[in-house]
There are 4 protein chains.
Amino acid sequence: MSGVSKELEARFRSDPFSSWLGFHLDEVGPGFARVRAEVRPEVFNFAGAPHGGFLFSLADAAFAAASNSYNQLAVATSVSMQFYRAAELGDTLVAEARENHLTRRAGYYEMTVTTAEGVLVAKCLGVVHRRNRPLVEESPSEPGGVGDGGHPGVR
Amino acid sequence: MSGVSKELEARFRSDPFSSWLGFHLDEVGPGFARVRAEVRPEVFNFAGAPHGGFLFSLADAAFAAASNSYNQLAVATSVSMQFYRAAELGDTLVAEARENHLTRRAGYYEMTVTTAEGVLVAKCLGVVHRRNRPLVEESPSEPGGVGDGGHPGVR
Amino acid sequence: MSGVSKELEARFRSDPFSSWLGFHLDEVGPGFARVRAEVRPEVFNFAGAPHGGFLFSLADAAFAAASNSYNQLAVATSVSMQFYRAAELGDTLVAEARENHLTRRAGYYEMTVTTAEGVLVAKCLGVVHRRNRPLVEESPSEPGGVGDGGHPGVR
Amino acid sequence: MSGVSKELEARFRSDPFSSWLGFHLDEVGPGFARVRAEVRPEVFNFAGAPHGGFLFSLADAAFAAASNSYNQLAVATSVSMQFYRAAELGDTLVAEARENHLTRRAGYYEMTVTTAEGVLVAKCLGVVHRRNRPLVEESPSEPGGVGDGGHPGVR
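These figures come from a predicted structure and were not determined experimentally.

Notes on the interface of chain D and chain A
So, step 1. With 16 residues of chain D in contact, the opposing surface of chain A contributes 16 residues.
So, step 2. Both sides of the chain D and chain A interface together cover about 1,400 Å² of buried area, and 55% of this is carbon and sulfur.
So, step 3. Summed over the shared surface of chain D and chain A, the number is two salt bridges.
So, step 4. With its nearest N and O atoms 2.5 Å apart, the salt bridge here joins A:Glu110 to D:Lys123.
So, step 5. Counting residues per element, the ones that place at least two in the side of chain D that touches chain A are strand 3 (74-83), strand 4 (92-102), strand 5 (106-115) and strand 6 (120-130) of chain D.

See the structure below:
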């Protein structure tokens, strides 16, 4: 994994809800993140499909990492999600978040949830409000942090 | 609790993901449901607030019960959510789903997530596609099922 | 009409797209607006119903007035809409925007579109980013602007 | 233009609201459509930017053509939109709708609105409910309509 400082990456990996749900942060970089999880029996709903909340949580975990990847605190204001297909028990689901637009105060992302084979399961659009403070303190001499266009600690 | 057959209520209460997350189904009736949960340490995100996925899951649990309350299988096609405030550790959160419109094939709901004191934390709009089959088999002689306007088993 | 300065009200009434579509701003106040329009032949779509873009535009006009009602420039970042029913030729449609939450930098609104008889046609959730500048210059001695909790010109 | 029967294409081109707003249907095919329009003075809002309702209407016009391209009546149930940038007076805006998923009863689309130069202005997700009837009567001997996998008149 690369693209953010080790302090920021450590913060992302410390997410309690993601740990509880068994999410694994595969990759995070400026404006991008990929998270994966296995479809276990406990994530199913009463209709026999993975719970919408599980799919949303996975997409939201990628959204949170991507939108906070500049180490400027980003808070979701709205998310919209479409649900296409039910995944199966034992499937690995992969959520990717990509940045559609970024301003000083707002960030716009879209998230896909696919199976490991690339079948599209769900898709989201999400917006964050970017606050005027860092998420973590980063070590000033982070290698690679120089000349990256103004995102301290991004490498 | 009332408003749906005992078989349907039992099905709603069997939801694995809701059980895992500690959700409690307070009430369900035709086009309505209320679910509650406590904000525990494991539902927090890396920024120190309850995870958006947790809030969504709670609203989605109410949405699922309300939209399936007629015992006609309802599958979410899209949900949009706005996030207003961060709840606190130990708060009880209450999600209510209400029906805005219902056709033979589609149902439209809105969900609120509030604290036990009624402070608005988040709000959603969701749509389901209604399939042409029941969720559970209901006992034919369900008391109270008579004269309810055509929803078998609703009491 | 009341609730905002005459300069701000005049600005709202100058909206070219609303004028073109025949929208009438009924009322605007802090965090609230109501706009109405008649369903004319030219707003129909190829399927014989009022165009989704017409319904959205009406809701968006109420959203814009409500979210700019404090004379702090508000720009929409996202809107989600549910469509319930087709209105009829000659119907008067009424869009109301109400504030769900307001911070220094963000505003959250919900909009309903109903017939004049109150039948629900569509519903929206919308979020704005609030910029750090006024929409209009207001006259400093606006009567009623005193003691209103810090929104200059609101009366 | 190609990809749908001449009767269906004619129906799409007869859309009154699109005509009124100056929309031009560039292309439509199975699950796809592209519509363009010029940013004229009358589509601006009171803040000096093209009205959100104008951007939505353009995206919705592409959505409507794409989702009805199989000549099975499709009615929007929900749409979510993100707004990235303000276009300029005189810009040509292009809306494209693409299908993310299709079932017998539901269709899922995403729409982009860009400038002619490809700068992303807005993005949408939309869902339709597909009714069990055609939008137009198509001529039975439509060339190319044979063997297309069950979409009568698609060529």
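The rest of the description comes next.
A closer look at the UniProt feature "domain: Thioesterase" (unreviewed entry) in chain A
So, step 1. UniProt tags residues 51-121 of chain A as "domain: Thioesterase" (unreviewed entry).
So, step 2. Helix makes up 23% of residues 51-121 of chain A and strand 46%, with an end-to-end C-alpha separation of 12 Å.

Looking at the relation of the copies chain A and chain B
So, step 1. Between chain A and chain B, the superposition needs a rotation of 180° and an axial shift of 0.0 Å, giving an RMSD of 0.0 Å. Expressed as an axis order, the relation between the two copies is that of a two-fold axis. Closest to the rotation axis within chain A is the C-alpha of A:Ser80, separated from it by 2.0 Å.
So, step 2. Comparing contact sets, 100% of the residues at the interface of chain A also lie at the interface in chain B, consistent with an isologous, same-surface contact.

Regarding the sheet that holds strand 6 (residues 120-130) of chain B
So, step 1. One open sheet holds the 12 strands; their spatial order is 1(A)-2(A)-4(A)-5(A)-6(A)-3(A)-3(B)-6(B)-5(B)-4(B)-2(B)-1(B), and the pairing between them is antiparallel. Every interior strand has two partners, whereas the edge strands, strand 1 (24-29) of chain A together with strand 1 (24-29) of chain B, have only one. If you compare each strand with its neighbour and ignore which way they point, the axes differ by 15° on average.
So, step 2. Examined bridge by bridge, strand 2 (residues 32-38) of chain A and strand 4 (residues 92-102) of chain A share seven bridges and lie antiparallel to one another. Among the inter-strand pairings, A:Phe32 is bridged to a residue of strand 4 of chain A, identified as A:Arg98.

Quick word on helix 3 (residues 52-67) of chain C
So, step 1. For helix 3 of chain C, which comprises 16 residues, the first-to-last C-alpha distance of 22 Å matches the rise-based estimate of 22 Å (1.5 Å per residue) to within 8%.
So, step 2. Counted residue by residue, helix 3 of chain C has 16 buried out of 16 residues, so it is predominantly covered.

Criteria and cut-off values
Residues numbered from 1 in each chain as written. Chains lettered and ligands numbered in written order. Predicted model: local features only at pLDDT ≥ 70, side-chain atom pairs only at ≥ 80, totals over all residues. Heavy atoms only, no water. Contact = heavy atoms within 4.5 Å. Buried area = accessible area lost by both parts, 1.4 Å probe. Salt bridge = Lys/Arg side-chain N within 4 Å of Asp/Glu carboxyl O. Helix = DSSP H or I, 4+ residues; strand = E, 2+ residues; numbered from the N terminus. UniProt positions renumbered as here; feature names shortened; annotations may be inferred. Least-squares fit on C-alpha atoms with pLDDT ≥ 70 in both. Pairing = 2+ DSSP bridges. Axes fitted to C-alpha atoms, helices over the stretch in contact; angles between N-to-C directions. Expected span 1.5 Å × (residues − 1). Buried < 20%, exposed > 50% of the residue type's maximum accessible area, 1.4 Å probe, protein only.

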